Amino acid sequence: MEARAQQLREAWRRKDREDSLGKIRLGCVVGMILVPSFAVLDFIVYDERHWPGLAWHFLLVRLACSGLIGAFMAVLLATDFGRRSYRTLGVTLVLLPGAAIAYMVFRTEGPASPYYAGLNLVLLVVGFVLRWTFRESLIAVFLVGLEYLAACWGNLWLGKAPEGFLGAFAGNLYFLGATGIIMVVGNHFFTKARYREFELAFDLNANRQALEEQKVMLERSNLELEESKRQLEAGNEKLRELDRLKSQFFANISHELRTPLTLLLAPLEMLMQRFGADPETRGVFQTMHSNGMRLLKLINDLLSLVRLESGRLEIKPEPLHVGDFIKAVASAAQQVADDKRLALETWVDPALGYILADRDKLEKVVLNLVFNALKFTPAQGRVQVRAERSGEQFVLTVADTGMGISEKNLPFIFDRFWQADGSAKRKYQGVGIGLALVKELIEAQGGQVGARSQEGQGATFTVRLPYEPAEPPPAPEPDCGPDAAHDSGTVSSEEWLSNLYRRAELFPSVAPVHQSLRPAEFSRDPARATVLVADDEPDMLRFVKSQLAEEYNVIEAIDGQQAADKALQFLPDLILVDMMMPEKDGLQVCREVRDHTATKNIPVVLLTARADDETKLACLAAGASDFMTKPFSTTEVKVRVRNLIELYTYQRRLARQNQTLETTIEQLKETELQLVQSEKMASLGTMSAGIIHEIGNPINALTSGLYALRKKSAFFAPERQGEYNEIVGELEERTRWVKDIVSRMRLYSHPDARAREQVEISDLVDSALLFTSHEWKESGARLERRLTPQQTIWANKNMLIQVLLNLLQNSLFALQQKTFPPGETPTVWIESRVEHHKSILVVRDNGAGIAPQHLDKIFDPFFTTKEIGKGMGLGLSICARMVRDFEGQITPRSEPGQFCEFTLEFPLKGMSEMTVNN
């Protein structure tokens, strides 16, 4: 709508400009003609006797006005400025003839002049020729009226007005106003009507254009439709031909497959009879035979579909006793029902008797429905087969108490090759032709098949066929003629093939439950490698196990969930897993194995029936070590399994050796550090003892001499005593500093082994602060104490004071090395607490901190970052040694320029319960 309104406004603006310019041109032409033409009236009204020369004067005025109008028209139409400003210039056009007529009114009788009628003509031209808008018309009326008032006022001002001019003025002004009002109102409604007319024309034109476009598009669509129709017909013809070729191909390939398969099954049955005594050999023969029968049944089903599709399936009705027929079908399926612990029930209406039906087709239908019900019904369930007559219909019902069919899947169950679960994790195998074949066979006999179900509450399939009663067939007479078989035990090849095909029809598509159950693995030969084999096909699982069991411990899994669980439980040396399995497919099993630390290095081999590049890339992306496509060679399986297990074994040995080597290297490094530290400490002790011995005696002599020198100060003049005492005091201070170093070295080399006691932390802090009181005063630092009452440390009090003194002196030194910004105060925090059965003491400052590269060296002897003469690097080393002697540990933490923190942790010994709780 907004776009349409914008287009309408733009079109109206263009239309109005062109129309207005044309009307202004017409108004100019009318003005140029009419203004001079009224000069005739000037000569008639104002003759030369009373108004000498006035008519000629007015003629000049009229000609000048006409010339100005012509010039105005040229400027308006010939210049871009005039075309852009047509509205403003158009309104000013009325001033030219109005000014000429107003001048004539001024020169004649003024308010009583008959020339006021010329102004009416001007307004009429505006109203009927120019057709301006309401606003423009109003401005034009205002300007004309203003010119008339100016002319009358000028005439009165010169005193030329005759008597009774007021009445004439009022009348003329009234008529001018009425004319103006009529002109303004008329133009207003005319403009609105014109706009509505333009809008209708615009919409009509737009609709016409839209119709034209739609017409063009429709013609184009018709052409495309015709072309698509031709292409579709050609495509349909190709599809029909392809479908015919496909059906022919299926028929040919099925026939071609049946021949070699029959030639395989016949010798196989002979071998089973002759060499099937050995259980292992018989198991291999049974696996081959059962899978051959499954393949033959699948081929027969495909052939039936092809024949139905091509219309070549022949219906052969014959008398059929319903009760015996249902009993025979139930007997064929009873073994499967017993194996799955299912109840198979049958009920036949006794009144049915014989009916006319195709035995083979009906048997195929019932077997498909019964085996399908047995497949999807869990143990302890029930499958019921009912046969009865309903009016003119024979009704066969197969009902089960199984998993049922969802409402969304129910419309598709009879479609060819359709499966409810088409993923690689589907639990029930199949190709989706059983129910489609049932539908085709029933409809070929003129019947209908339907299903009703609720998910989780079973399913019921109902077959309806025309009821055709039949007479019992005559009993066959024995053939005793010369053409009878010489040996009643011989069977012709045709009879054998017919019997084989019938046995294939009766062969169940459901694997027996006892074949799906895998025995629990309790014991394994530790000298053998272990292989986990996972496949949901019991025959395949049994075959692969038989090929690997001679060399390896084989663990079996029948679905993906079991495979993932057993991989974590048994940690096999290799996992051989099928690509398509219920619960979890092979790719998901592979990914889960790779996600667990314990199993992530185990080689995984995927077995898949797909050989395309996408499947190969998916296997490798999931983390598979290798993959094999079915069918595969047993030799290839053994070789690949052997190579992967050997590689995995070498990798594990290499990993163990690497781990042992890394552990040995770490132990060597630790031993080397211990030896270096021991040698360092031994050397340090020897050096400390020598220094103490060599320095101790001179220090004692120096102390005695300084004491004597201080006594001598009394013999000096009073004015020199101050300087003398200052020098002696400096020497004493230096001597005390040297004695302190010697005492620390003695303490380091010969730690004090005095008895320990419970040292209360608050007393410890008070003593340390007392010894450093003068240093606190000089530093100006602030101290914050947050100590737990009655908290103690089991240690030597003097040694702990020494440790705390050293930490506080280091903090005060660090505060001196930092320039604090405004608002930040040098501060030292002393905190204590009890955590996790440990007594903790923390000393923290906001000084310069310790560089990260120095943090692991600060406890080494003689390591210091202070300038020469300000420290020997023994303080923190002595502190660490003392703390270790008390079974504690000291931990530094620092951020350069921000803070430094030392945490002392001591084990709790002898503290009261109250103290611990506090």
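Given the structure is predicted, the values throughout are model-derived calculations rather than measurements.

**With respect to the overall build of the protein chain**
Per the secondary structure count, the protein chain includes 26 helices and 19 strands. Considering the protein chain as a whole, with its 918 residues, one finds that 37% of them fall into the buried category. In the protein chain, once contacts between residues fewer than 6 apart in sequence are set aside, the share between residues at least 24 apart is 72%. As displayed, the protein chain has an accessible area near 52800 Å², and 57% of this comes from carbon and sulfur atoms.

**Side note on the packing of helix H24 (residues 797-816) against helix H25 (residues 875-885)**
Contact geometry of H24 with H25 gives a least axis separation of 9 Å together with a crossing angle of 145°. Read as a crossing pair, H24 and H25 show a hand that is left-handed. Contact residues: Met799, Gln802, Val803, Asn806, Leu807 and Asn810 in H24; Gly875, Leu876, Cys879, Met882 and Val883 in H25. Residues belonging to the contact of H24 with H25 are distributed by class as follows: 7 nonpolar, 4 polar and no charged.

**Regarding the nonpolar core**
The nonpolar side chains of a soluble globular protein tend to be buried with one another. By size, the foremost hydrophobic cluster in this structure holds 43 residues, and its most contacted members are Leu374 and Phe394. Elements with a minimum of two residues in this core: helix H11 (322-339), strand E3 (354-357), helix H12 (359-375), strand E4 (382-390), strand E5 (393-400), helix H13 (434-444) and strand E7 (459-466). Looking at this core, the element that brings in the most residues is H12, giving 9 residues. Discounting chain neighbours no more than four positions away, the residues touching leucine 374 are Ala333, Val336, Ala337, Lys340, Leu342 and Val383.

**Comments concerning helix H6 (residues 95-107)**
Compared with the 18 Å implied by 1.5 Å per residue over 13 residues, the 18 Å span of H6 between its first and last C-alpha is a close match. Along H6, the residues that are buried comprise Pro97, Gly98, Ala100, Ile101, Ala102, Met104 and Val105.

**With respect to the pattern of salt bridges**
What the rule picks out here adds up to 20 salt bridges. Put simply, lysine 838 and glutamate 905 hold a salt bridge, and the shortest N to O gap is 3.5 Å. One end of the pair, lysine 838, is in strand E17 (residues 838-845); the other, glutamate 905, is in strand E19 (residues 899-907), with 67 residues separating them in the sequence. Look at lysine 838 and you get partly exposed, because its relative accessible area is 35%. Close ionic contact of arginine 844 with glutamate 901 constitutes a salt bridge, the shortest N to O distance being 2.9 Å.

**Side note on the sheet that holds E19**
The 5 strands are arranged E14-E16-E17-E19-E18 in an open sheet whose pairing can be described as mixed. With one partner strand each, in any of the chains shown, strand E14 (782-786) and strand E18 (889-895) form the two edges of the open sheet. On average, each strand axis in the sheet is tilted by 15° relative to the strand beside it, whichever way the strands run. Two elements, strand E16 (residues 827-835) and E17, share 8 bridges in a ladder whose sense is antiparallel. Bridge pairing in E17 links glutamate 835 to lysine 838. Strands in contact with helix H22 (residues 761-771) are E14, E16 and E17; relative to E14, the strand with the most contacts, it is inclined by about 165°.

**As for the sheet that holds E5**
Across the sheet, 5 strands lie side by side as E2-E4-E5-E7-E6; this open sheet has mixed pairing. What marks the edges here is a single partner per strand, and that holds for strand E2 (343-348) and strand E6 (448-453). In this sheet, adjacent strand axes meet at a mean angle of 15° when their direction is disregarded. With 6 bridges joining them, E2 and E4 adopt parallel strand pairing. The residue bridging alanine 343 from the neighbouring strand is arginine 382, located in E4. Along the sheet face, H12 touches E2, E4, E5 and E7 and points at about 20° away from the line of E5.

**Overview of the packing of aromatic side chains**
This model, assessed by the stated rule, comprises 1 aromatic pair. Measuring from ring centre to ring centre gives 6.5 Å for phenylalanine 859 and phenylalanine 902, while their planes differ by 75°; the resulting arrangement is edge-to-face. With a gap of 43 residues between them, phenylalanine 859 in the loop between E17 and H25 and phenylalanine 902 in strand E19 connect regions that are remote in the sequence. Positioned above the aromatic ring of phenylalanine 899 is the side chain of arginine 844, whose terminal nitrogen or guanidinium carbon lies 4.0 Å from the ring centre.

**So, the environment of leucine 702**
Structurally, leucine 702 is set in helix H20 (residues 634-711). Assessed through its relative accessible area of 42%, leucine 702 is described here as partly exposed.

**Focus on the packing of H6 against helix H8 (residues 134-157)**
Viewed as axis vectors pointing N to C, H6 and H8 meet at an angle of 20°, and their least axial separation amounts to 8 Å. When the axis of H6 is compared with that of H8, the two are roughly parallel. The chirality of how H6 crosses H8 is right-handed. Note on element contacts: H8 touches H6 through Leu143, Glu147, Tyr148, Ala151, Gly154 and Asn155, opposite Leu95, Gly98, Ala99, Ala102, Val105 and Phe106.

**Thoughts on the pairing of E18**
With 7 bridges joining them, E18 and E19 adopt antiparallel strand pairing. Paired with proline 892 across the strands is phenylalanine 902, a residue of E19.

**Notes on the confidence of the model for the protein chain**
Per-residue pLDDT for the protein chain has a mean of 75; in total, 74% of the residues score no lower than 70. Ignoring residues within four places in sequence, the model shows residues 421-428, a span with pLDDT below 50, making 22 contacts including any to other chains. Confidence drops under a pLDDT of 50 for residues 478-491, and excluding neighbours within four residues, the segment shows 3 contacts in the predicted structure.

**Looking at a nonpolar patch on the surface**
A grouping of Val40, Leu41, Ile44 and Val45 is seen on the molecular surface, where their side chains present a nonpolar patch of about 380 Å² in accessible area. Its location among the elements puts valine 45 in helix H2 (residues 39-45).

**Section: H11**
Helix length check: H11, at 18 residues, gives a terminal C-alpha distance of 26 Å against a target of 26 Å (1.5 Å per residue), a fit within 8%. Of all bends in H11, the biggest is about 45°, found at alanine 333. Listed in full, the buried residues belonging to H11 are Val322, Phe325, Ile326, Val329, Ala330, Ala333, Val336, Ala337 and Asp339. Positive backbone phi, approximately 60°, marks arginine 341, located one or two places after H11.

**Digging into the environment of leucine 138**
Along the chain, leucine 138 turns up in helix H8. Residue leucine 138 is classed as partly exposed on the basis of its relative accessible area of 45%. C-alpha separation for the pair leucine 138 and valine 184, spaced 46 residues apart in sequence, amounts to 6.0 Å.

**Let's talk about unusual backbone geometry**
In this structure, histidine 836 takes a positive phi of about 50° despite not being glycine. Residue placement: histidine 836 occurs in the loop between E16 and E17. Classification of histidine 836 as exposed rests on a relative accessible area of 73%. Positive phi, normally seen in glycine, also occurs at glutamate 887, with a value near 65°. Residue classification places glutamate 887 among the partly exposed residues on the basis of a relative accessible area of 47%.

Each value, and the rule that gives it
Residues numbered from 1 in each chain as written. Predicted model: local features only at pLDDT ≥ 70, side-chain atom pairs only at ≥ 80, totals over all residues. Heavy atoms only, no water. Helix = DSSP H or I, 4+ residues; strand = E, 2+ residues; numbered from the N terminus. Buried < 20%, exposed > 50% of the residue type's maximum accessible area, 1.4 Å probe, protein only. Contact = heavy atoms within 4.5 Å. Areas by Shrake-Rupley, 256 points an atom, 1.4 Å probe, with all protein chains shown as cover. Axes fitted to C-alpha atoms, helices over the stretch in contact; angles between N-to-C directions. Left-handed = near helix turned anticlockwise from the far one by under 90°. Nonpolar A, V, L, I, M, F, W, Y, C, P; charged D, E, K, R; others polar. Core = buried A, V, L, I, M, F, W, Y, C linked by side-chain atoms within 4.5 Å. Expected span 1.5 Å × (residues − 1). Salt bridge = Lys/Arg side-chain N within 4 Å of Asp/Glu carboxyl O. Pairing = 2+ DSSP bridges. Phe/Tyr/Trp six-rings, centres within 6.5 Å; stacked < 30°, edge-to-face > 60°. Lys NZ or Arg CZ within 6 Å of the ring centre and 35° of its normal. Parallel < 35°, antiparallel > 145°, perpendicular 65-115°, else oblique. pLDDT = per-residue confidence, 0-100. Patch = residues over 30% accessible without salt bridge, like charges linked within 9 Å, V, L, I, M, F, W, Y side chains within 5 Å. Bend = angle between axes of the 7 residues up to and from the residue.

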